[in-house]
Amino acid sequence: MGGLEAALRTAGQGHLWDHLLTLDGEVRTAFQVQLEAVDFARVQRIFQASMAMTEDSEEGVEPIDGVQTIQDTTEEQRGEWRALGLAAIAGGRVAGLLLAGGQGTRLGSPAPKGCYDIGLPSRKSLFQLHAERLLRLQQLAQREESAPRPCIPWYIMTSPATDVETRAFFQAHAWFGLDAEQVFFFQQGELPALTPSGEAILAAPGRLALSPDGNGGVYAALRRSGALADMAARGVAALDVWPVDNALAAPLDPAWVGACLAARADLGCRVLQKATPGERVGVLARRGGRLAVLEYSELSEARAAARNPATGALRYAWSNACLHFFSLAWLARATDALEAAPRFHVARKAVPCLGGGTRPGVKLELFIFDTFGLAEGVRLVEVGRAAQFAPVKNGPGAGSDCPETAREAVLALHAGWVRRAGGRVGCGEGVEVSPLLSYAGEGLEDVCGGQDFTRPWDARLQLVGGDKGGPGLGPSGRRGGHPATLNM
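Residues numbered from 1 in each chain as written. Predicted model: local features only at pLDDT ≥ 70, side-chain atom pairs only at ≥ 80, totals over all residues. Heavy atoms only, no water.

Let's shift gears to the overall build of the protein. Summing up its helical and strand segments, the protein has 15 helices and 19 strands in all. Expected size for 488 residues packed as a compact globule is a radius of gyration near 23 Å; at 24 Å, the protein falls within 12% of this value. Taking the principal axes of the C-alpha coordinates as reference, the protein spans close to 80 × 55 × 45 Å. Counting all 488 residues of the protein, 55% fall into the buried class. In the protein, the proportion of contacts linking residues at least 24 apart, taken out of those at least 6 apart, comes to 75%. With an accessible surface of roughly 20100 Å², the protein has 51% of that area assigned to carbon and sulfur atoms. (Helix = DSSP H or I, 4+ residues; strand = E, 2+ residues; numbered from the N terminus. Rg over C-alpha atoms; globule rule 2.2 N^0.38 Å. Buried < 20%, exposed > 50% of the residue type's maximum accessible area, 1.4 Å probe, protein only. Contact = heavy atoms within 4.5 Å. Areas by Shrake-Rupley, 256 points an atom, 1.4 Å probe, with all protein chains shown as cover.)

A separate point is the environment of Pro 196. Structurally, the position occupied by Pro 196 is in the loop between strand S6 (190-192) and strand S7 (202-204). Among the residues examined, Pro 196 registers a relative accessible area of 46% and is labelled partly exposed. When near neighbours in sequence (up to four residues on either side) are disregarded, Pro 196 contacts Phe 47, Met 51, Pro 360 and Val 362.

Another aspect to go through is the environment of Glu 144. Here Glu 144 lies in helix H6 (residues 126-145). Sequence-wise, Glu 144 and Phe 31 are 113 residues apart; in three dimensions their C-alpha atoms are separated by 55 Å.

To continue, consider helix H8 (residues 218-225). Turning to H8, its buried residues are Val 218, Tyr 219, Ala 220, Ala 221 and Leu 222. After H8 finishes, the residue Gly 226 shows a positive phi value of roughly 90°.

The next thing to look at is the pairing of strand S3 (residues 94-99). Where burial is concerned, most of S3 is hidden: six out of the six residues are buried. Here S3 pairs with strand S10 (residues 238-243) via six bridges, running parallel. Across the sheet, Gly 96 pairs through a bridge with Asp 240, a residue of S10. Where S3 and strand S4 (residues 154-158) come together, four bridges link them in parallel fashion. Residue pairing in the sheet places Leu 99 in a bridge with Met 157 of S4. As a crossover connection, the stretch from S3 through H6 into S4 is right-handed. (Pairing = 2+ DSSP bridges. Right-handed = clockwise from strand over helix to strand, strands pointing away.)

For the rest of this paragraph, the subject is the packing of helix H9 (residues 227-234) against helix H12 (residues 328-340). Direction vectors running N to C along H9 and H12 enclose 155°, while the axes themselves pass 11 Å from each other. By the angle between their directions, the pair H9 and H12 is classed as roughly antiparallel. Note on packing geometry: the crossing formed by H9 with H12 is left-handed. When H9 is examined against H12, the residues Leu 228, Met 231 and Ala 232 are found in contact with a partner set consisting of Leu 328, Leu 331 and Thr 335. In the contact of H9 with H12, the residues fall into five nonpolar, one polar and no charged. (Axes fitted to C-alpha atoms, helices over the stretch in contact; angles between N-to-C directions. Parallel < 35°, antiparallel > 145°, perpendicular 65-115°, else oblique. Left-handed = near helix turned anticlockwise from the far one by under 90°. Nonpolar A, V, L, I, M, F, W, Y, C, P; charged D, E, K, R; others polar.)

Let us look at helix H1 (residues 3-10). Among all positions in H1, only Leu 4, Glu 5 and Leu 8 are buried. End-on, the buried residues of H1 take up no more than an arc of 100°, which puts them together on one face. Across from the buried face of H1, at angles greater than 90 degrees, the exposed residues are Gly 3 and Thr 10. Summarising the contacts, the buried residues of H1 are in contact with helix H2 (14-20), helix H3 (25-36) and helix H4 (40-51). (Arc of directions from axis to C-beta.)

Turning our eyes to something else, we now look at the side chain of Arg 136. Inspection of the secondary structure assignment puts Arg 136 in helix H6. With relative accessibility at 0%, the residue Arg 136 sits in the buried group. Among the polar contacts made by the side chain of Arg 136, one reaches the main-chain carbonyl oxygen of Leu 437 at a distance of 3.3 Å. (Polar contact = N/O pair within 3.5 Å; in protein donor to acceptor, adjacent residues only side chain to side chain.)

This part is about unusual backbone geometry. Although it is not a glycine, Ala 174 adopts a positive phi angle of roughly 50°. Structurally, Ala 174 is set in the loop between helix H7 (163-172) and strand S5 (183-187). Here Arg 264, not a glycine, exhibits a phi torsion of approximately 50°, which is positive. Within the secondary structure layout, Arg 264 lies in the loop between helix H10 (254-262) and strand S11 (267-273). You can call Arg 264 exposed: its relative accessible area is 76%.

Now the structure itself:
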């Protein structure tokens, strides 16, 4: 047997080789290329290990403790963390990782979700908002650390469905002012859909039924793409991770980065207070003494509503916002552990198949938080929902977690910045402040002091200038305080 045939038959996928032999011409060539791109031995390991897992239960589940809350954090602490974080950013020791594999299908757009415009007056896409926050942060690090202009490495996870269009979007927009060399694109993986007995399903003649391996596929993808090696070569020691569909994400928030570095954390999570006991969000907890994220469906109604009798606070109060910090050393260890003992979630679904119709199938996926139980040093810090969380999950008009609510959140936050800087906001909607002018409310005094702002769009709040790192800290160069890192 040849190499491909032997690999397929050894992995229990001999039917794929038999199907290949029935094809001709370009279809056969394309199918062979697809088969050669899949590590079926790895697929078999994942399938066997995952199918053997027992369903998680509430046994051994306890609330987490050790969260650094807003009320227990002093301005002095935030200042110390901020200085530590800015120094690390200026030294190139912290990189950004954007999870951007999703399409805008739920939003009514066929484009990558990061290309989506949530309706801000500037009409900026989500990608542009994230990029400009990094540009401003580079300048803050340069000015306050008196360092050469920092260049924050930015790793962007796409998917096979979004990769080409995402790269083209960045190129068409001149990388939003970033250096092309600081952006590293890599693709999330896919896995074949399988029958309950583990055979790969054909979607059509010469085509496997494939599905994304979940945002937890980031671990294998970072190594497979060479991104981990690139980080090591650049001297990166830690990553800040955020999803593309959070319009208020504060990437590499210096105080947050500093809090994790000060604790020598393997892993950090920015957490939010649950809005209600029944909010449909993942909740941080401990399972068997280790950090875990429980999906809302994993908590009984009684446990979700349970309160501390002494304080009246919810026992399971801290929700997962997918805002994480990874040390590079821990990231490498977690990736090794996943390969050695893969434990994916099993989703049983009807899969479209060869010949039309569907058949019972198994899709395997991993979540980014599935590794969290491997971390020893963990840092959990509360952040304000109104300051750092504006998800865009649902389509226009949905009423929650949609473009309109994200737009409202951005304009309301920025109106608060303007008021704190001495400006008067006469528009009920709020105002938009360019990330190039202010990362988190700093440096606005000279622009806003004593001024009236009566419309959501005002050119004074869209100040652009200076070098590629962004504008000055303000027309007079004033820093104007450090009000908002960690946006508590």
